[in-house]
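Structural characterization, general
Chain by chain, the residues:
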Amino acid sequence: MYWRRVRMIVITAILLFLAAKGAYDILHPPRAPAATDNANAKDAPVIPESRKGAENYAVYFTHFWLTGNLEEAKKFAAAGFDPPPFGNPRKVENIIAWDMRPLGEEKVTVTVRALLDEGQIVYLSVPVTVRQNRFGVIGLPTFVPEPTPAEAPKEKSLPQVTDSSTTRAARSLVDSFFRQYTKGTPQDLALLFSDSQPRRVLSPSLKAEYEGLERIEVSQSESDQLHIVARVRLTIDGEAVPQSFEFQAEKSGNRWLIKKTIPEIPRE
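Presented here is a report on the structure given in the accompanying data block. It should be emphasised that the depicted structure is a prediction, and the values quoted were computed from it without experimental measurement.

1. Examining the side chain of Thr235
Residue placement: Thr235 occurs in strand 7 (residues 225–236). With residues up to four places along the chain from it excluded, the contact list for Thr235 reads Lys207, Ala208, Glu209, Glu211 and Ala240.

Below, the structure written as structure tokens:
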């Protein structure tokens, strides 16, 4: 009897304590952890998503600066940069961002191509700051020479197929591809691919016609893999348009099927 009373007293005390603690927590909730201070955090480097913003600021600034509209140009300048006017204002017929290169974590240089009056084409390099997805031109556009085209890379040659039956099969595969690509359906094209997935064909509005192969090279990359480079004749809306395609083909049973094309044909 005595121990039963003691046990009841202990249980009652515990329940009263828990009830009191719950009421205290409701009236005095625990403090939330302090928010992280990002003000002094290291600025993130320029990321691809920032490219368009930096290009837009460079293009708009350069356009207004060249045309003599300094007040509008200043709207795209970084705080603290007060650009001087550009001598004789010019008329800008067309202006685009040509290239962009990073110059550190908070700075990029955007190359701008502008078509001025009288058909003059100029290229300018424009420094832009990028800070937490905010942009601003930080220096005057600098006239630079016209960019030089890169040299075409030299392709590593593969051993050419000498077996005439394999070459004929490759030609037949390429012929079938272009016939279906110009006049067939996605389901027709699927029969030529090793994954059997329908691929999009050219739009009927183009009135594309396949006129035949001009040149084909068939290389053996592995025992059951072929690399095919083909140049073909198409007519688009009645105009002759030569086209070049590359194919990776693989053998399935006694047939050669397309594994991949360059350019890639999107799936339906």
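From this point, the discussion proceeds with the structure in view.
2. What about the side chain of His227?
Note that His227 resides in strand 7. For His227, a relative accessible area of 15% corresponds to the buried category. Among the polar contacts listed, one links the side chain of His227 to the side chain of Glu246, at a separation of 2.9 Å.

3. So, helix 2 (residues 51–66)
Since the α-helix advances by 3.6 residues per turn, residues separated by three or four positions end up pointing in the same direction. Spanning 16 residues, helix 2 covers 22 Å between terminal C-alpha atoms, matching the ideal 22 Å at 1.5 Å per step. Within the sequence span of helix 2, burial applies to Gly53, Ala54, Glu55, Ala58, Val59, Phe61, Thr62, Phe64, Trp65 and Leu66. Contact partners of the buried residues in helix 2: helix 3 (70–74), strand 1 (92–102), strand 2 (107–116), strand 3 (121–131), strand 4 (134–137) and strand 5 (142–144). Backbone geometry just downstream of helix 2 places Gly68 in the positive-phi region, at approximately 85°.

4. Some words on the packing of aromatic side chains
The final tally for this structure, using the stated rule, is 18 aromatic pairs. Taking 5.5 Å as the distance between ring centres and 80° as the angle between the ring planes, the aromatic pair formed by Tyr57 and Phe76 counts as edge-to-face. Taken together, the residues span a long stretch of sequence, with Tyr57 in helix 2 and Phe76 in the loop between helix 3 and strand 1 at a distance of 19 residues. Classification of Phe76 by relative accessible area gives buried; the value is 18%. Note on Tyr60 and Phe76: the rings are 5.3 Å apart at their centroids and 20° apart in plane angle, and the pair reads as stacked. Here the residue Tyr60 occupies a position in helix 2, and Phe76 occupies one in the loop between helix 3 and strand 1, the gap between them amounting to 16 residues. With a relative accessible area of 43%, Tyr60 lands in the partly exposed category. What links up through ring pairs into an aromatic cluster is the set Phe177, Phe178, Tyr181, Tyr210, Phe245 and Phe247. Residue placement shows Arg199 over the ring face of Phe193; its charged tip is 4.0 Å from the ring centre.

5. As for helix 4 (residues 164–183)
Given a rise of 1.5 Å per residue, 20 residues ought to cover 28 Å, and the 28 Å separating the end C-alpha atoms of helix 4 matches this to within 8%. Taken residue by residue, helix 4 has Thr166, Ala170, Leu173, Val174, Phe177, Phe178, Tyr181 and Thr182 as its buried positions. Down the axis, helix 4 shows its buried residues gathered within 150° of arc, on one side only. Turned more than 90 degrees away from the buried face of helix 4 sit Arg168 and Lys183, all of them exposed. Considering only its buried residues, helix 4 is in contact with helix 5 (186–190), strand 6 (209–222), strand 7, strand 8 (239–252) and strand 9 (255–262).

6. Here we look at the environment of Asp224
Relative to the elements of secondary structure, Asp224 occurs in the loop between strand 6 and strand 7. Overall, the relative accessible area of 40% leaves Asp224 in the partly exposed class. If we skip the residues at most four places from it in the chain, Asp224 touches Ala249, Glu250, Lys251 and Trp256.

Cut-offs used in this document
Residues numbered from 1 in each chain as written. Predicted model: local features only at pLDDT ≥ 70, side-chain atom pairs only at ≥ 80, totals over all residues. Heavy atoms only, no water. Helix = DSSP H or I, 4+ residues; strand = E, 2+ residues; numbered from the N terminus. Contact = heavy atoms within 4.5 Å. Buried < 20%, exposed > 50% of the residue type's maximum accessible area, 1.4 Å probe, protein only. Polar contact = N/O pair within 3.5 Å; in protein donor to acceptor, adjacent residues only side chain to side chain. Expected span 1.5 Å × (residues − 1). Phe/Tyr/Trp six-rings, centres within 6.5 Å; stacked < 30°, edge-to-face > 60°. Lys NZ or Arg CZ within 6 Å of the ring centre and 35° of its normal. Arc of directions from axis to C-beta.

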